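Given next are the chains, with one letter for each unit.
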Amino acid sequence: MIKPRPFATLCMAGLLAGLSLPVQARVAAGDASAEIRRTSFGVPHILAQDEQGLGYGIGYAYAQDNLCLLANEVVTVNGERSRYFGPKQRTFEQRENLPSDLFFNWLNTPTAVFGFWQAQPPAMRARLEGYAKGYNRALAEFKAQGQGAQCLQAEWLRPVTTLDLVKLTRRLLVEGGVGQFAEALAGATPPNIVAQLRPDLSVAQARQEQFAVERGSNAVAIGAERSFNGRGMLLANPHFPWAGGMRFYQMQLTLPGKLDVMGAALPGLPLINIGFNRHLAWTHTVDTSKHFTLYRLELDPKDPTRYLLDGKSLAMTHQRLSVTVKAEDGQFKPVTRDVYSSVFGPIVQWPGRLDWNKQYAFSLRDANLDNTRVLEQWDAMNRADSLKSLQASVQRLQGIPWVNTLAVDAKGQALYLNQSVVPYVDAALLAQCSDPAAGQEMIVLDGSRSACNWKVDPRTAQAGIFPAQLQPSLSRSDFVQHSNDSAWMVNPAKPLQGYSPLISREGQPLGPRSRFALQRLASLSEKGKISQADLQQMVMDNQVYVAELVMPDLLKWCAGQTADAQLGALCASLKAWDQRANLDSGLGLVHFQNIMQALQGRKDFWRVGFDAADPQHTPRGLAVDQADVANALREAALASVAQVTKAGLSNDARWGQIQQAADGTPIHGGPASLGVYNAIQSVPVAADKRLVVSGTSYLQLVTFDERGPHALGMLAFSESSEAGSAHAGDQTRAFSAKQWQVIPFTEVQIKADPQYRLQVIREVEGATLAKSAP
């Protein structure tokens, strides 16, 4: 937790009032310029001579494509949604506006935001200033033209500041921690006070369970030993939301002689999160490490807002939050809430899971709240000229929030790092302080003893987190891979074992995507060297891996259902299904999804259970010979028949007619839970339609030769979120057709692109000048 000195706390309002003036004065200094070179699909390649100019180009290009998206997210992270949209409406993440606003008012306090800003190196401050300036210029141009963005008449649309960008970054930091407890924080109320806010925690529970699915990823890094040309190969397949504040944006950033990097970035970030440069390529996958712990507080029997620590009664601190709410009659009124905290962090209340009664309360400590190094970390990775320098930056800065890193270099070395920000709670401290009843899925420590606080190591960039030297890393010349499991089986030839359970756990079942990847890589290696086409096919052949594990038993069960006409039709569709999630895959895919979703709630449906000695091949099969499993299977099958009949799906229905993007483009791919490497998450929007909301996002396949990198890929949901843009669906259609594109990187490639066009933007004494060229 950030603990400002008393003077800083007292004077923060004045400091921030003063800060806004010099920040905006610098933004208006009139010295930023950039070249924005657009290639096919509107991808911007931004060239500038200094950091502020680079940020200027990024902000301007991003606003041209996603002005309203960023503006809406700025409203969210400033805690102003209730003011403009009402307290009961929901965010993109399906969180009610009032709890969202309370949470972000708690997260993005003036103290925390200013502290983050002050911690940034001068170069990063300049880039953030440029970003705000560029965005605001695009906004002014749209307003002058009266067109170009859907939200131009919205009362909530305004110029952004650098502090807005800081708030967006801080939201990203806590996605893997306290951000999943926003409702539990906003609604926490002492037991002697009547709760005035009762957030919908059932939705929060579902969102928490879906975090790894919606932000999961696949990655394969092939080394010289297995690569077709003896150099590194990287497949990046992050699964991220197709809308909202976690929607990737593809771009190239160039500062001559200093920086040249291509890839994808999240909204409001003036750098590349996943990408490549001349020397190496890298990607991220959501890790299984813990980025927060809970502390169970023993309360003072006399007062539930006091807790006992080392035998002493301490008063919880409380922070008064105020949110302006637009009532149903259109009038504005303030709504205030108190957030209570212990020395460990805020109190969170989740009835049935984390109760606040007269005996106990639960306090949450998130390691990433003190991570001010995240932007500097990605900038260092963008500039890395070798795997050694990339790894050194990760170990020195420790700024990666909640993801693994996989990378390759031109020389053919592959690297895996599970070195994100993790509380330093080793196995000994866990044994001494954890609540055994809580298990290890959510770490609950004893909050009555200061000895249970996180350990501190002088080697770390931040007090209370693990040193990078104690976290998993693996360098290989054959391969490393990852699909959101622990670090254990990144490469079975070298299992990664013996780490704190907060970092990685061995002996746990692998997810089906990991098993698919290991099986496919082994099969490819048996045939010879691995090619680009091989890695493309891993994603694009849309194999439903779980079908391989259970279909023989499922069809065996089907053979005994000939007397039931309804089940006969279902079984016929399963038998005819190609066990893929392609556009032309038949109705058997729908039935298979429905059946497996119903069965996965059971623990006994596998014919062969999990064996830690054989994690790549277990569990497998359906225990159809067991009466209770057969009965459950029959119920699931009949329910699927009823659902398909109600939806009006004909026997010749195809997957591409059902699963679609917002513009109606048919989308292949399927659930990660079924082992579809091209993981696509869609939700019902009509009886016979499913809308894609998350999944394969920025696809990147990078290889190297003596001239440098060669990249293929696409942004599955396209560059622009503005429905009227020419680039709102062009890459989506290419993705639907499985048409990978060459990603231009060199000057020759950029200028030779058939859709190349140039825009030069600069400011001279406060005025803006623009030059465009075909």
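Conventions used here
Residues numbered from 1 in each chain as written. Predicted model: local features only at pLDDT ≥ 70, side-chain atom pairs only at ≥ 80, totals over all residues. Heavy atoms only, no water. Helix = DSSP H or I, 4+ residues; strand = E, 2+ residues; numbered from the N terminus. Rg over C-alpha atoms; globule rule 2.2 N^0.38 Å. Buried < 20%, exposed > 50% of the residue type's maximum accessible area, 1.4 Å probe, protein only. Contact = heavy atoms within 4.5 Å. Lys, Arg positive; Asp, Glu negative; His and termini not counted. Charge placed at Lys NZ, Arg CZ, Asp CG, Glu CD. Salt bridge = Lys/Arg side-chain N within 4 Å of Asp/Glu carboxyl O. Expected span 1.5 Å × (residues − 1). Bend = angle between axes of the 7 residues up to and from the residue. Disulfide = S-S within 2.5 Å. Domains from an automatic or database assignment. 1 Å grid on protein atoms, 1.4 Å probe; cavity = no way out; pocket = protein on both sides within 12 Å on 5 of 7 lines; lining within 4 Å. Points joined across faces, edges and corners; volume = space filled by probe spheres on them. Nonpolar A, V, L, I, M, F, W, Y, C, P; charged D, E, K, R; others polar. Pairing = 2+ DSSP bridges. Phe/Tyr/Trp six-rings, centres within 6.5 Å; stacked < 30°, edge-to-face > 60°. Lys NZ or Arg CZ within 6 Å of the ring centre and 35° of its normal. Polar contact = N/O pair within 3.5 Å; in protein donor to acceptor, adjacent residues only side chain to side chain.

(A) Broad picture of the overall build of the protein. Regarding its fold elements, the protein presents 22 helices and 30 strands. Taken over C-alpha atoms, the radius of gyration comes to 26 Å for the protein, in line with the 28 Å a tight globule of 774 residues would show. The buried share among the 774 residues of the protein stands at 60%. Here the contacts in the protein between residues at least 6 apart in sequence split such that 69% fall between residues at least 24 apart. Computed over 74 positive and 70 negative side-chain charges, the inter-centroid distance for the protein is 2 Å.

(B) Seen up close, the pattern of salt bridges. For the coordinates displayed, the defined rule picks out 29 salt bridges. Measuring nitrogen to oxygen at the nearest pair gives 3.0 Å for the salt bridge that ties D478 to R476. The closest approach of N and O atoms between D604 and R602, which form a salt bridge, is 3.1 Å. The exposure class assigned to D604 is partly exposed, which follows from its relative accessible area of 31%.

(C) Main features of helix α2 (residues 51-77). Counted at 1.5 Å a residue, the expected span for α2 with its 27 residues is 39 Å, but the 25 Å between its end C-alpha atoms falls short. Maximum bend of α2: about 100 degrees, positioned at N66. For α2, the tally of buried residues reaches 25 of 27 residues, placing the bulk of the element in the interior. Of the residues flanking the end of α2, it is G79, one or two places downstream, whose phi is positive at about 65 degrees.

(D) Examining the state of the cysteines more closely. Considering all chains together, one arrives at three disulfides under this definition. Here C68 is linked by a disulfide to C151, with a sulfur-sulfur distance of 2.1 Å. On the sign convention where negative means left-handed, the S-S torsion of about -95 degrees between C68 and C151 marks this disulfide as left-handed. Of this pair, C68 sits in helix α2 while C151 sits in the loop between α6 (122-145) and α7 (162-173), and the two are 83 residues apart along the sequence.

(E) Summary view of the domain arrangement of the protein. Each assigned domain of the protein is listed with its residue range as follows: domain 1 (33-174 + 763-768) and domain 2 (543-668). In this structure, domain 1 and domain 2 have C-alpha centres spaced 44 Å apart.

(F) Representation of empty space enclosed by the protein within the structure. Summed over the entire model, instances satisfying the criterion amount to seven cavities of 30 Å³ or more. Within this model, the second largest cavity holds a volume of roughly 130 Å³. Lining the second largest cavity are 15 residues, and of these F240, H284, W378, W402 and V403 lie nearest its centre. Sorting the residues of the lining of the second largest cavity by element identifies β4 (233-241) and β8 (280-286) as the ones contributing at least two each. When residues in the lining of the second largest cavity are grouped by element, the largest group, three residues, is from β8. Taken together, the residues of the lining of the second largest cavity break down into eleven nonpolar, four polar and no charged.

(G) Main features of unusual backbone geometry. Of the consecutive residues T618 and P619, the connecting peptide bond is found in the cis state with omega at 0 degrees. Relative to the helices and strands, P619 is located in the loop between β21 (606-608) and β22 (620-622). With a phi angle near 65 degrees, Q94 is a residue other than glycine that sits in the positive phi range. Note that Q94 resides in the loop between α3 (81-85) and α4 (97-107). We classify Q94 as partly exposed; its relative accessible area is 43%. Its identity as a non-glycine residue notwithstanding, S718 has a phi of 80 degrees, on the positive side. Mapped onto the elements, S718 comes out in the loop between β27 (708-715) and α21 (730-736).

(H) Structural view of the pairing of strand β12 (residues 317-326). Looking at chain direction, β12 and strand β13 (residues 332-341) are connected through ten bridges and run antiparallel. Residue V325 lies in a different strand from β13, and its bridge partner there is K333. In this structure, the hairpin formed by β12 and β13 is closed by a connection of five residues, where G330 is found at a positive phi of approximately 90 degrees.

(I) A look at the packing of aromatic side chains. Per the counting criterion, the structure on display carries 17 aromatic pairs. Both rings, one in Y295 and one in F344, keep their centres 3.9 Å apart while their planes meet at 10 degrees; by these two values the pair is stacked. With Y295 in strand β9 (residues 292-300) and F344 in the loop between β13 and β14 (347-348), this residue pair connects regions lying 49 residues apart in the sequence. The two residues Y295 and F344 agree in class, both being buried. Plain terms: the ring middles of Y424 and F466 are 4.5 Å apart, the flat faces sit at 40 degrees to each other, and that makes the pair tilted. Of this pair, Y424 sits in the loop between β17 (414-417) and α13 (427-433) while F466 sits in the loop between β18 (444-446) and β19 (473-476); the two residues are 42 residues apart in sequence, bridging distant segments of the chain. Of the two residues, Y424 and F466, neither departs from the other in class, the shared state being buried. What links up through ring pairs into an aromatic cluster is the set F103, F104 and W106. Sitting over the face of the ring of F332, R83 holds its NZ or CZ atom 5.0 Å from the ring centroid. Its guanidinium or amino end placed over the ring of Y360, R296 lies 4.4 Å from that ring's centre, counting from NZ or CZ.

(J) Representation of helix α18 (residues 587-599) within the structure. Its 13 residues place the ends of α18 19 Å apart at the C-alpha level, agreeing with the 18 Å of an ideal helix rising 1.5 Å per residue. Most of α18 is tucked away: eleven of the 13 residues are buried. Regarding α18, the residues found buried are L587, G588, L589, V590, H591, F592, Q593, N594, I595, M596 and L599. Looking at the packing, one finds that the buried side of α18 touches α16 (545-558), α17 (565-576), β22, α19 (627-647) and α20 (655-658).

(K) The side chain of N371, seen in detail. Within the secondary structure, N371 sits in the loop between β15 (360-366) and α11 (374-383). Of the polar contacts made by the side chain of N371, one reaches the backbone oxygen of G399; its length is 3.0 Å. In contact with N371, other than residues within four places in its own chain, are F116, L173, Q398, G399, I400, P401, V421 and Q462.

(L) Here's a closer look at the pairing of strand β5 (residues 249-255). Taking burial as the measure, the seven residues of β5 include seven buried ones, the bulk of the element. Of the two faces of β5, both are covered, the one formed by Y249, M251, L253 and L255 as well as the one formed by Q250, Q252 and T254. By the bridge criterion, three bridges tie strand β2 (residues 44-47) to β5 in an arrangement that is parallel. In the sheet register, I46 faces β5, and the bridge partner there is L253. With seven bridges connecting them, β5 and strand β6 (residues 259-265) associate as antiparallel partners. Residue pairing in the sheet places M251 in a bridge with G263 of β6. Between the end of β5 and the start of β6, which pair antiparallel, lie three residues, with G257 showing a positive phi angle near 80 degrees.

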